[in-house]
Amino acid sequence: MAKKKAPRKEKRPENPGFIDQFFLVVDHILSYFEVLFVYYRKKFNLGLKHTVLLLIAIFFTFGIFISGTGFLVHAGYISILQLLGGNLALTSFIVGAFLLTSSFVMLYFLIRKITL
């Protein structure tokens, strides 16, 4: 019968040399930066998700605000038109004057608030 050879065990020296220690330090540094990269990638993805949700909420709010303002102006126009008995020119003038005056009043309060 043939004798089976015992598996060879490579013997490492008890005291690793300078090169082995250098590679060990490099391995630790690389694993540190790998963990740091994973952490910052998760943090960046979370921040990006929050930013996208915030932008969607802002645009949705402004869309509702603009459409609500439009509906309010239209309702005011229709009610004044019915009140004046169908006079289109006078109704348009009154609604336009109201919008112009209200925008100047808001601008005045905004400037006053900024300068205080």
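It should be noted that the structure appears before, not after, this text.
The helix and strand tally for the protein chain stands at two helices and zero strands. A total of 116 residues make up the protein chain; the buried ones form 3% of that total. Carbon and sulfur atoms form 73% of the exposed surface of the protein chain, whose accessible area is close to 11,500 Å².

Time to look at the layout of surface pockets. Each pocket or cavity is described by its volume, and for the largest pocket that value is around 250 Å³. For the largest pocket, the lining is made up of 13 residues, of which Leu72, Val73, Phe98, Leu99 and Ser102 are closest to its centre. Breaking the lining of the largest pocket down by element, the ones donating at least two residues are helix H1 (18–83) and helix H2 (88–115). Of the residues in the lining of the largest pocket, the class split is nine nonpolar, four polar and no charged.

Counting across every chain of the model gives four aromatic pairs. Geometrically, the ring pair formed by Tyr39 and Tyr40 is edge-to-face, given 5.3 Å between the ring centres and 65 degrees between the ring planes.

The geometry of a pair of packed helices is captured by two quantities: the angle between their axes and the separation between those axes. Packing of H1 against H2 leaves a shortest axis separation of 9 Å and a crossing angle of 140 degrees. With respect to each other, H1 and H2 are oriented oblique. Crossing of H1 over H2 shows right-handed handedness. In this structure, H1 contributes Val73, Tyr77, Ile80 and Leu81 to the contact, and H2 contributes Leu88, Thr91, Ser92, Ile94, Val95 and Leu99. Looking at the contact of H1 with H2 residue by residue, the classes come out as eight nonpolar, two polar and no charged.

Moving on, we come to the side chain of Thr91. With respect to the helices and strands, the residue Thr91 is situated in helix H2. Among the residues examined, Thr91 registers a relative accessible area of 0% and is labelled buried. At a separation of 2.6 Å, a polar atom in the side chain of Thr91 contacts the main-chain carbonyl oxygen of Asn87. Each residue touching Thr91, except ones within four places of it in the same chain, is listed here: Tyr77, Ile80, Leu81 and Leu84.

Criteria and thresholds
- Residues numbered from 1 in each chain as written.
- Predicted model: local features only at pLDDT ≥ 70, side-chain atom pairs only at ≥ 80, totals over all residues.
- Heavy atoms only, no water.
- Helix = DSSP H or I, 4+ residues; strand = E, 2+ residues; numbered from the N terminus.
- Buried < 20%, exposed > 50% of the residue type's maximum accessible area, 1.4 Å probe, protein only.
- Areas by Shrake-Rupley, 256 points an atom, 1.4 Å probe, with all protein chains shown as cover.
- 1 Å grid on protein atoms, 1.4 Å probe; cavity = no way out; pocket = protein on both sides within 12 Å on 5 of 7 lines; lining within 4 Å.
- Points joined across faces, edges and corners; volume = space filled by probe spheres on them.
- Nonpolar A, V, L, I, M, F, W, Y, C, P; charged D, E, K, R; others polar.
- Phe/Tyr/Trp six-rings, centres within 6.5 Å; stacked < 30°, edge-to-face > 60°.
- Axes fitted to C-alpha atoms, helices over the stretch in contact; angles between N-to-C directions.
- Parallel < 35°, antiparallel > 145°, perpendicular 65-115°, else oblique.
- Left-handed = near helix turned anticlockwise from the far one by under 90°.
- Contact = heavy atoms within 4.5 Å.
- Polar contact = N/O pair within 3.5 Å; in protein donor to acceptor, adjacent residues only side chain to side chain.

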